[in-house]
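A closer look at the structure
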Amino acid sequence: MNKAFTKESDSADDDDGDGPSLPALPAGTRNYMTPGGYARLRAEFMQLIDVERPKMVETVSWAAKNGDRSENGDYLYGKKRLREIDRRLRFLTKRLDIAEVVDPSAHHGSEQIFFGATVTYATAKGDEKTITIKGIDESDSLAGEVSWISPIARTLLKARVGDELNLVTPVGVEKIEVVEVSYPAPLAT
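Read on for a plain summary of the structure. (Residues numbered from 1 in each chain as written. Predicted model: local features only at pLDDT ≥ 70, side-chain atom pairs only at ≥ 80, totals over all residues. Heavy atoms only, no water.)

1. Observations concerning the sheet that holds strand S5 (residues 145-147)
Reading across the sheet, the five strands line up as S5-S4-S3-S7-S6 and stay open at both edges, with mixed pairing between neighbours. Two strands lie at the open edges of the sheet, namely S5 and strand S6 (164-169), each paired on one side alone. Going from strand to strand, the sheet's axes swing by 45° on average, the running direction of each strand aside. As judged from the six bridges shared by S6 and strand S7 (residues 172-182), these two strands associate in the antiparallel manner. Within S7, the residue paired with Leu165 across the bridge is Ile176. (Pairing = 2+ DSSP bridges. Helix = DSSP H or I, 4+ residues; strand = E, 2+ residues; numbered from the N terminus. Axes fitted to C-alpha atoms, helices over the stretch in contact; angles between N-to-C directions.)

Structure below.
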């Protein structure tokens, strides 16, 4: 069949999995975020909606006027990129709508571990590790940030300095001890 008479489908590219995939929120939980994480997602949303999407629409419109669309690289790439932008906008809209912004500085000076804490813990081998507990959409493991639903965060939440905990890992149970807990200082008003 001639390609000109086939229907172009957006659904084929909706689940191609080439973009970063974030874990789904556990049922019945909230989408906790720090104020900084919320601001970054909001800025990305505004950049996509105000700058990137209009620019891509303009490119696709220009490319469509150039004739044969089946061999027009600008048109084909532009349509694909528009679908990617729209998919990301839908995702950001859903996550920002259900976001619950939690300011970790409210716990400044506390020794108990809550969302937003930076925690140093020691393993049974004597190694010390420092992590910061953040939201699902903002955590970056390369920067020492873990999601609040991760096994280490769930083990640490509500513990205090000096507590010994059992961390369940794929290779067994590991003993850890909370060494230090800190929170960002509240902003002066």
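Back to the write-up after that little detour.
2. As for the pairing of S7
Relative to S7, strand S3 (residues 118-123) runs antiparallel, the two being bridged by six bridges. For Thr120, the partnering residue across the bridge sits in S7 and is Glu180. The hairpin turn running from S6 into S7, its antiparallel successor, is two residues long.

3. A look at the environment of Leu48
As for its position among the elements, Leu48 is in helix H2 (residues 35-64). Separated by 38 residues in sequence, Leu48 and Asp86 place their C-alpha atoms 8.8 Å apart. Not counting chain neighbours up to four residues away, the residues in contact with Leu48 comprise Arg53, Pro54, Arg81, Ile85, Arg88, Leu89 and Leu92. (Contact = heavy atoms within 4.5 Å.)

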